[in-house]
Amino acid sequence: SATHIFAVSSFLKRQLVDEFGVDERRITITPNAADPAVFDPATVGVPGDALPQGPIIGFVGGFYPWHGVDLLLDAFLRIVERHPQARLLLIGDGPMRQELQDRVSRLGLSGQVLMPGKVAHSKLAPYVNRFDIGVMPDSNLYGSPMKIFEYMSMAVPVVVPDYDPLTDVVDDGVQGRVFKRRDVAHLSACLDQLLGDAPARRQMGERARQAVVDTHNWMNNARVAVEGLRSGMA
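The shown structure was predicted, so the numbers you read here are calculated from the model rather than taken from an experiment.

Reading the values: rules and limits
Residues numbered from 1 in each chain as written. Predicted model: local features only at pLDDT ≥ 70, side-chain atom pairs only at ≥ 80, totals over all residues. Heavy atoms only, no water. Pairing = 2+ DSSP bridges. Helix = DSSP H or I, 4+ residues; strand = E, 2+ residues; numbered from the N terminus. Axes fitted to C-alpha atoms, helices over the stretch in contact; angles between N-to-C directions. Contact = heavy atoms within 4.5 Å. Polar contact = N/O pair within 3.5 Å; in protein donor to acceptor, adjacent residues only side chain to side chain. Buried < 20%, exposed > 50% of the residue type's maximum accessible area, 1.4 Å probe, protein only. Right-handed = clockwise from strand over helix to strand, strands pointing away. Phe/Tyr/Trp six-rings, centres within 6.5 Å; stacked < 30°, edge-to-face > 60°. Lys NZ or Arg CZ within 6 Å of the ring centre and 35° of its normal.

(A) Seen up close, the sheet that holds strand S3 (residues 56-60). Strand order in the open sheet formed by 6 strands is S5-S4-S3-S6-S7-S8, and the pairing between neighbours is parallel. The strands lining the two open edges of the sheet, one partner per strand, are strand S5 (113-117) and strand S8 (176-179). Each neighbouring strand pair of the sheet contributes to a mean axis angle of 20°, computed without reference to strand direction. One ladder, built from 5 bridges, connects S3 with strand S4 (residues 87-91); its direction is parallel. By the bridge assignment for S4, Phe59 is matched with Leu90. Contacting S3, strand S6 (133-135), strand S7 (158-161) and S8, helix H7 (residues 184-195) crosses the sheet at an angle of about 165° to S8.

Structure representation (structure tokens):
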């Protein structure tokens, strides 16, 4: 009965069409977004916490199995062999925190993996400003993770698995890299390539920021919603 439907991913649009028989003309894909005025590398400083100067691979989120932080640790273990100055910054908390800390210790990565705990969203941008690469290690078939847009808004190139909601917004080699989901070797190779090519990281980060400024921001999502509502009522 809805006048128009806004789905955050192409997967959900297909589900609405195939399983619920919704006319695809009544559905618009509007992925989640970020606020480019809040997540702005030109105005955001750095966190008060002392962070190393080496390249930082960053993750923000809950430490739950579906986020794949264990996969990221496996990939990072391969990375430090080629990039000993690299650091992994894991921001967040959750039921897997102790397990992850124990694993970091067993892998001998305690000096290279930083886990500062949970950071309030209002204080998050300075931490993301220190990322050289922002990673979504794993996701799901339907969701549109806001952390990706916040990384992008800070001009940070992203590395994401090949789920539809992520490939809807990230083109491999444009705003970052796309790896085969749950493939540690491919994830590691993408990180290795970006760590070894600072100009490419910078260019991808700039394109990622522009994508948020142009499209993946909340004001644009609101504009698309109003336009869709008007067209559905015409």
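(B) Here's a closer look at the side chain of Gln175. Within the element layout of this structure, Gln175 appears in the loop between helix H6 (164-167) and S8. At 2.7 Å, the side chain of Gln175 forms a polar contact with the backbone nitrogen of Asp171. For Gln175, the contacting residues outside a window of four places in its chain are Met152, Pro157, Val158, Val169, Val170, Met204, Arg207 and Ala208.

(C) Representation of the environment of Pro161. Its location among the elements puts Pro161 in strand S7. Residue class for Pro161 comes out buried when judged on its relative accessible area of 0%. For the pair Pro161 and Val38, spaced 123 residues apart in sequence, the C-alpha to C-alpha distance is 26 Å. Not counting chain neighbours up to four residues away, the residues in contact with Pro161 comprise Met136, Pro137, Asp138, Ser139, Leu166, Val178, Phe179 and Arg181.

(D) Fine view of the pairing of S4. Counting buried positions along S4 gives 5 out of 5 residues, so the element sits mostly inside the fold. Burial of the side chains of S4 extends over both faces: Arg87, Leu89 and Ile91 are buried on one face and Leu88 and Leu90 on the other. One crossover worth recording links S3 to the parallel S4 by way of helix H2 (residues 69-82), and it is right-handed. A crossover links S4 with its parallel partner S5, the connecting element being helix H3 (residues 97-106), and its sense is right-handed.

(E) Representation of the packing of aromatic side chains. Considering all chains together, one arrives at 3 aromatic pairs under this definition. Residues Tyr64 and Trp66 carry aromatic rings whose centres are separated by 4.8 Å and whose planes lie at 5° to one another, so their mutual orientation is stacked. Across from the ring centre of Tyr163, 4.3 Å away, lies the NZ or CZ of Arg181, which sits over that ring.

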